[in-house]
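Coordinate analysis (summary)
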Amino acid sequence: MSNKTDENRKKNTGSGKQPAHWSGVFAMTLCVFALIASEFMPVSLLTPMAQTLRVTEGMAGQGIAISGAFAVVTSLFISVLAGTLNRKTLLLGLTCIMAISGAVIALAPNYLTYMAGRALIGIVVGGFWSMSAATAMRLVPVHRVPLALAIFNSGNALATVVAAPLGSWLGSVVGWRGAFFCLVPVAIIAFVWQLLSLPSMSVTRQAASRNVFTLFRRRVVTLGMLGVGIFFMGQFTLFTYIRPFLETVTRVDDATVTLVLLVIGVAGFIGTTLIGRVLKRGFYPTLMAIPVLMAITALALIAFGSQVAIVTALLGLWGLISTAAPVGWWAWVPRTFPQNAEAGGGLMVAMVQLSIALGSTVGGLLFDHHGYQSTFLASAAMLIIATVLIFLTSRADTSAADHS
């Protein structure tokens with residue numbers, strides 16, 4: 001934390017003591033839950049959405065791609081575009097857009113309107129996540145910021161557990177439109193809670209609008225961002241098309257699809273809680289082991305795709321390790337950017353979202369035109385390439401200290 005930041009805090013609070021706004025932290029956590037649920041809801045509803053909108057499952061999956069693309073642009077430029085706009089006003093505006101997105105998708109009469117709704121949620125994802133660390137710093141004292149960020153991520157983890165199976169279940173009960181519409185009241189509650197609990201967060205024009213692309217001058221940053229990018233691209237090349245794989249290859253009914261998605265979610269929650277201890281024992285070895293295990297899982301799904309029990313176990317393993325991976329990569333940010341973690345975090349958001357967009361696009365094209373085998377093979381290949389890049393990052397990291 002720089003002296004300038006400490007001075008700003010004193011100005012904002014009227015004294016050197018930073019007040020804690022824990023209700024605001026929990027309000028934003030609810031917003032995180034709704035946001036993650038909104039972003040990845042299509043994964044569990046791909047088949048019925050494609051049928052209603054009269055497009056292929058691959059085209060329906062592009063809804064995740066377009067949200068990722070808009071998140072990339074937003075995360076890179078929102079601080080410049082927002083200028084001196086009060087950050088509370090900005091967060092409330094983003095929450096409103098999230099509610100509008102859910103309504104637009106739920107009521108979409110055609111594919112183009114659906115994609116417009118997905119673009120809106122991408123704007124919210126990019127804006128919200130790129131501001132999350134900076135907002136936490138203004139809500140709680142500096143020594144409590146890690147706890148605030150952990151609470152934010154608990155919303156992420158909870159959404160990861162329940163979003164896919166809940167979406168699948170709601171889709172079978174009230175239809176996919178009803179499932180998306182259920183997110184609207186959650187967003188409204190989050191808006192009201194933030195309105196009441198967040199303090200005013202005014203900003204001044206500073207040199208904080210530094211060009212984030214200058215960070216790529218460091219070899220460890222270039223290799224690390226390529227590694228994280230190829231990793232998430234490989235993950236979402238496969239994961240976006242889990243439901244059509246289960247329905248057409250494993251040949252299970254809606255109830256079993258929901259159960260399998262729940263297994264993935266619960267395993268992911270367990271992985272997220274355990275990964276911290278593993279990272280302490282070996283940081284880069286853990287980051288390398290994750291894509292290797294996922295690549296093996298992708299190949300095993302091709303070999304045993306018709307066997308329900310084995311597929312369920314394999315996807316449980318996939319959820320256990322893939323959901324935990326972001327924890328490791330977010331730990332890499334302050335490690336690599338000790339003096340510039342906020343800029344590094346913004347760059348990370350952009351890279352991850354771009355990779356999700358590219359991965360779901362590539363996966364959709366392969367799934368539609370060449371079948372699930374080529375989709376899963378491409379995923380495995382990307383994950384192995386990511387492993388090599390992470391290894392090269394670990395070598396470069398030995399000379400990475402104190403250059404940010």
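Everything below is about the structure shown above.
Presented here is a report on the structure given in the accompanying data block.

Calculation notes
Residues numbered from 1 in each chain as written. Predicted model: local features only at pLDDT ≥ 70, side-chain atom pairs only at ≥ 80, totals over all residues. Heavy atoms only, no water. Helix = DSSP H or I, 4+ residues; strand = E, 2+ residues; numbered from the N terminus. Buried < 20%, exposed > 50% of the residue type's maximum accessible area, 1.4 Å probe, protein only. Contact = heavy atoms within 4.5 Å. Areas by Shrake-Rupley, 256 points an atom, 1.4 Å probe, with all protein chains shown as cover. Phe/Tyr/Trp six-rings, centres within 6.5 Å; stacked < 30°, edge-to-face > 60°. Axes fitted to C-alpha atoms, helices over the stretch in contact; angles between N-to-C directions. Parallel < 35°, antiparallel > 145°, perpendicular 65-115°, else oblique. Left-handed = near helix turned anticlockwise from the far one by under 90°. Nonpolar A, V, L, I, M, F, W, Y, C, P; charged D, E, K, R; others polar. Expected span 1.5 Å × (residues − 1). Salt bridge = Lys/Arg side-chain N within 4 Å of Asp/Glu carboxyl O.

1. Quick word on the overall build of the protein
- Scanning the protein from terminus to terminus reveals 15 helices and zero strands.
- In the protein, buried positions account for 55% of the 404 residues.
- Across the protein, every contact between residues at least 6 apart in sequence was considered, and the portion connecting residues at least 24 apart equals 85%.
- Carbon and sulfur atoms form 68% of the exposed surface of the protein, whose accessible area is close to 16,900 Å².

2. A look at the packing of aromatic side chains
- Following the criterion strictly, the structure yields eleven aromatic pairs and no others.
- Seen from their ring centres, F231 and F232 are 5.1 Å apart, and the 85° between their planes marks the pair as edge-to-face. As far as the burial class goes, F231 and F232 line up, both buried.
- When the ring of F236 is compared with that of F239, the centres are 6.1 Å apart and the planes differ by 90°; the resulting orientation is edge-to-face. Remark: F239 and F236 occur in helix α8 (residues 219-239); sequence separation between them is three residues, near one turn of the helix.

3. Some thoughts on the packing of helix α3 (residues 57-82) against helix α4 (residues 87-106)
- In the contact formed by α3 and α4, the axes pass within 12 Å of each other and the chain directions differ by 130°. The orientation of α3 relative to α4 falls into the category oblique. In this structure, the crossing between α3 and α4 has a hand that is right-handed. In this structure, α3 contributes I78, S79 and A82 to the contact, and α4 contributes R87, L90 and L94.
- Its residues assigned to classes, the contact of α3 with α4 comprises four nonpolar, one polar and one charged.

4. Topic: α8
- With 21 residues, α8 should cover 30 Å at 1.5 Å per step; its first-to-last C-alpha distance of 30 Å lies within 8% of that length.
- Most of α8 sits inside the fold, with 17 of its 21 residues counted as buried.

5. Focus: the pattern of salt bridges
- By the definition in use, this model includes two salt bridges.
- A salt bridge links D254 to R243, with the nearest nitrogen and oxygen atoms 3.3 Å apart. Of this pair, D254 sits in helix α10 (residues 254-281) while R243 sits in helix α9 (residues 242-250), and the two are eleven residues apart along the sequence.
- Through salt bridges with shared partners, a single network forms among R243, E247 and D254.

6. Section: the environment of M348
- With respect to the helices, strands and loops of the structure, M348 is situated in helix α14 (residues 341-370).
- Sequence-wise, M348 and G229 are 119 residues apart; in three dimensions their C-alpha atoms are separated by 8.8 Å.

7. Some thoughts on unusual backbone geometry
- Unusually for a residue other than glycine, R54 sits at a positive phi of about 60°.
- The topology assignment puts R54 in the loop between α2 (22-53) and α3.
- On the basis of relative accessible area, R54 is assigned to the exposed category, the value being 78%.
- Residues other than glycine seldom take positive phi values, yet R251 does so here, at roughly 60°.

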